[in-house]
Amino acid sequence: VRGINAEYGNLRLFRDGVSLDVRDDAAVRDACAAHFGADGDKTTLIDTVVAILLRTAVLDDVARVQQLAGGDVCAVRADSALLDDFLTGSVMKDCSLMITLVAAERADSSYTPLHASAVAFRVAVVDVDQKASDSVERYAELDRKIVDFCRNAEDRVNCVQ
């Protein structure tokens, strides 16, 4: 949920092909009214995003590939297969998810209807630029810093365990 509110979050929402800035209360109200009726609010939108992410396997798929970016940096450097895995995993650690919502009656076959809802959706993984092999140490250090921060953070709500 934090990514929804972050200026540079890795979760991007679109309504009918137009970026939805969830920090803009009027835009959220308009989107909710269009898709969920008068009772829709930001919580409804967040619940819908969660339902979409749970319905698809995208988070599991991304997490599985992210796990490839582990191991000892020296071993990774010495083995080309490990290096390829590490770089692929690093790509997925920096990717973004894009969710597009449309009214179910206007959705084409590329959208999936959300059961018991007037909404259909499409999910895409974007920002999957290949990482440079000369940056392995930097990626490994960044991973260590993130893990250390989450282990030591007083507010663990903002950390993924």
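The structure this text deals with has already been given above.
Conventions we followed
- Residues numbered from 1 in each chain as written.
- Predicted model: local features only at pLDDT ≥ 70, side-chain atom pairs only at ≥ 80, totals over all residues.
- Heavy atoms only, no water.
- Core = buried A, V, L, I, M, F, W, Y, C linked by side-chain atoms within 4.5 Å.
- Buried < 20%, exposed > 50% of the residue type's maximum accessible area, 1.4 Å probe, protein only.
- Helix = DSSP H or I, 4+ residues; strand = E, 2+ residues; numbered from the N terminus.
- Contact = heavy atoms within 4.5 Å.
- Pairing = 2+ DSSP bridges.
- Axes fitted to C-alpha atoms, helices over the stretch in contact; angles between N-to-C directions.
- Salt bridge = Lys/Arg side-chain N within 4 Å of Asp/Glu carboxyl O.

Asker: Would you mind going over the nonpolar core in detail, with residue names and values included?
Answerer: Counting residues in hydrophobic clusters, the biggest one holds 22 residues, and the most contacted among them are L13, L45, I99 and L101. Elements with a minimum of two residues in this core: β1 (11-15), α2 (25-36), α3 (42-55), α4 (58-66), α6 (80-93), β3 (96-103) and β5 (119-126). Element by element, the count of residues in this core is highest for α3, at four residues. Each residue touching L45, except ones within four places of it in the same chain, is listed here: L13, L20, V22, V28, C32, F36 and L101. Judged by nonpolar contacts, the second largest core, of nine residues, contains A69, V76, L83 and F86.

Asker: For the sheet that holds strand β2 (residues 18-19), give the residues involved together with the corresponding values.
Answerer: Read from one edge of the open sheet, five strands run β2-β1-β3-β5-β4, paired in mixed fashion. The sheet is open, and its two edges are formed by β2 and β4 (112-113), each paired on a single side. Sheet contacts for α2: β1, β3 and β5; angle to β1, the most-contacted strand, approximately 60°.

Asker: How would you sum up the environment of S135? Please name residues and give values.
Answerer: Within the secondary structure, S135 sits in the loop between β5 and α7 (136-152). Along the backbone, S135 and L87 are 48 residues apart, and their C-alpha atoms lie at a distance of 9.2 Å.

Asker: Would you mind going over unusual backbone geometry in detail, with residue names and values included?
Answerer: For D16, which is not glycine, the phi torsion reads 50° and is therefore positive. Among the secondary structure elements, D16 is positioned in the loop between β1 and β2. In this structure D16 comes out as partly exposed when scored by relative accessible area, which is 33%. Phi at D127 is positive, roughly 60°, even though this residue is not glycine. Position of D127 relative to the elements: it lies in the loop between β5 and α7.

Asker: Please give an account of the pairing of β1 that cites residues and values.
Answerer: Pairing geometry for β1 and β3, over five bridges, is parallel. Directly across from R12, in β3, lies its bridge partner M98. Relative to β2, β1 is paired through two bridges, and the arrangement is antiparallel. In the sheet register, F14 faces β2, and the bridge partner there is S19. The turn linking β1 back onto β2 is made up of two residues, and D16 within it adopts a positive phi angle of 50°.

Asker: Give me the lowdown on the pattern of salt bridges, citing residues and values where you can.
Answerer: By the definition in use, this model includes eight salt bridges. Between R12 and D127 there is a salt bridge, with its nearest N and O atoms 2.5 Å apart. Linking R12 in strand β1 with D127 in the loop between β5 and α7, this pair joins segments that are 115 residues apart in sequence. D127 gets classed as partly exposed once you look at its relative accessible area, which sits at 34%. A salt bridge links D61 to R64, with the nearest nitrogen and oxygen atoms 3.0 Å apart. A residue pair is termed a helical-turn pair when its members lie 3 or 4 positions apart in one helix, as D61 and R64 do in helix α4 at three residues.

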